[in-house]
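Inside the fold
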Amino acid sequence: EQDNFEFMIDVPKQIRQLFQLKRVGELFKCITGISTGNDNKYLSSQKRTGFNVPFYKNPASRKFYCTENAYLIDSFLEESASVNNFMVRNVKLLFKAGITCSSMGVEFSACYLPPNSTFGVNPNIICDEEDIWWLLGYMNSDLVKFIVRGVLIRSNMVTSGYISRVPVPKLSLEEKFQLSEFAKEAYEHSKVNKDIDSILISINQLIYNSMQIDDSTQNYIKEFCLQIVKLT
């Protein structure tokens with residue numbers, strides 16, 4: 001029912017079976033945030049008087065670490081109360097840490113969402129600190145990229161509704177710890193524009209091993225990710 005009775009075409013059996021697992025939206029708050037109705041008026045590219053609230057709206061192809069896209073007007077709650085098309089959703093979850101995901105672009109990526117930030121209508125996962133890092137590693141895996149762009153939605157506009165339907169693996173504590181370590185290392189590398197390809201390979205292998213994804217399915221996913229524009 002949560003998949004609206006959709007069906008999958010040309011998706012490997014092992015991937016289809018993953019949809020029997022619990023989903024992101026069942027385990028965490030997967031939400032959208034603020035649409036200003038007029039970004040030119042309410043967002044500033046620089047931090048300045050009256051615009052001090054970090055605002056994340058789309059990491060695009062950036063993984064693990066990204067800076068804010070803009071700074072939101074300080075009085076955004078008051079503004080939303082008086083301006084009809086200035087919409088602030090999930091107010092109680094604003095300023096909490098989590099994961100901010102890309103909504104537009106060829107890639108699907110996820111970055112750490114720091115506390116005391118706001119976010120736009122892109123998908124955002126709000127979760128406890130103990131879950132942020134392993135989940136961030138998983139969300140940047142090739143498997144998730146394939147699930148999002150090859151199964152759930154074959155276009156470049158990804159919403160929180162789609163991300164909430166991504167299956168989440170049952171990982172052991174040791175696997176979560178290792179995945180967290182990979183994600184933290186990738187975060188530090190991304191911060192200084194250092195290559196993270198080898199870390200992504202390690203993340204992919206950990207996920208494949210944990211979920212017992214066979215070689216043929218791994219190759220299917222790899223081919224898709226290498227030719228994502230053509231194959232979507």
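The sections below set out a description of the structure shown in this document. (Residues numbered from 1 in each chain as written. Predicted model: local features only at pLDDT ≥ 70, side-chain atom pairs only at ≥ 80, totals over all residues. Heavy atoms only, no water.)

Notes on the overall build of the protein
Secondary structure assignment for the protein yields eleven helices and ten strands. For the protein, the C-alpha radius of gyration of 18 Å lies close to 17 Å, the compact-globule estimate for 232 residues. C-alpha atoms of the protein, sized along the principal axes, occupy 55 × 40 × 35 Å. The proportion of buried residues among the 232 residues of the protein is 53%. Sequence separation of at least 24 residues holds for 69% of the intrachain contacts in the protein that already meet a minimum separation of 6. Total accessible area on the protein is roughly 11800 Å²; 49% of this is exposed by carbon and sulfur atoms. With 25 positive and 26 negative side-chain charges, the protein shows a separation of 4 Å between the mean positions of the two kinds. (Helix = DSSP H or I, 4+ residues; strand = E, 2+ residues; numbered from the N terminus. Rg over C-alpha atoms; globule rule 2.2 N^0.38 Å. Buried < 20%, exposed > 50% of the residue type's maximum accessible area, 1.4 Å probe, protein only. Contact = heavy atoms within 4.5 Å. Areas by Shrake-Rupley, 256 points an atom, 1.4 Å probe, with all protein chains shown as cover. Lys, Arg positive; Asp, Glu negative; His and termini not counted. Charge placed at Lys NZ, Arg CZ, Asp CG, Glu CD.)

Description of the sheet that holds strand 9 (residues 118-119)
Read across the sheet, four strands follow the order 3-5-4-9 without closing on themselves; strand pairing throughout is mixed. With one partner strand each, in any of the chains shown, strand 3 (43-44) and strand 9 form the two edges of the open sheet. Here four bridges tie strand 4 (residues 51-56) to strand 5 (residues 70-73), and the two strands are oriented antiparallel to one another. Considered in strand 5, the bridge of Pro54 is made with Tyr71. (Pairing = 2+ DSSP bridges.)

Observations concerning the environment of Arg48
With respect to the helices, strands and loops of the structure, Arg48 is situated in the loop between strand 3 and strand 4. When the C-alpha positions of Arg48 and Ile73 are compared, they lie 9.5 Å apart, and in sequence the two are 25 residues distant. A polar contact of 3.0 Å, which involves the side chain of Arg48, links it to the side chain of Ser44. (Polar contact = N/O pair within 3.5 Å; in protein donor to acceptor, adjacent residues only side chain to side chain.)

Examining the packing of aromatic side chains
Within the structure shown, the criterion is met by nine aromatic pairs. Ring geometry for Trp133 and Tyr187: centres 5.3 Å apart, planes at 80 degrees, overall edge-to-face. With a gap of 54 residues between them, Trp133 in helix 5 (residues 129-139) and Tyr187 in helix 8 (residues 173-191) connect regions that are remote in the sequence. Here Trp133 and Tyr187 have matching classes, each one buried. Grouped by ring-pair contacts, the aromatic residues Tyr65, Tyr112, Trp133 and Tyr187 constitute a single cluster. (Phe/Tyr/Trp six-rings, centres within 6.5 Å; stacked < 30°, edge-to-face > 60°.)

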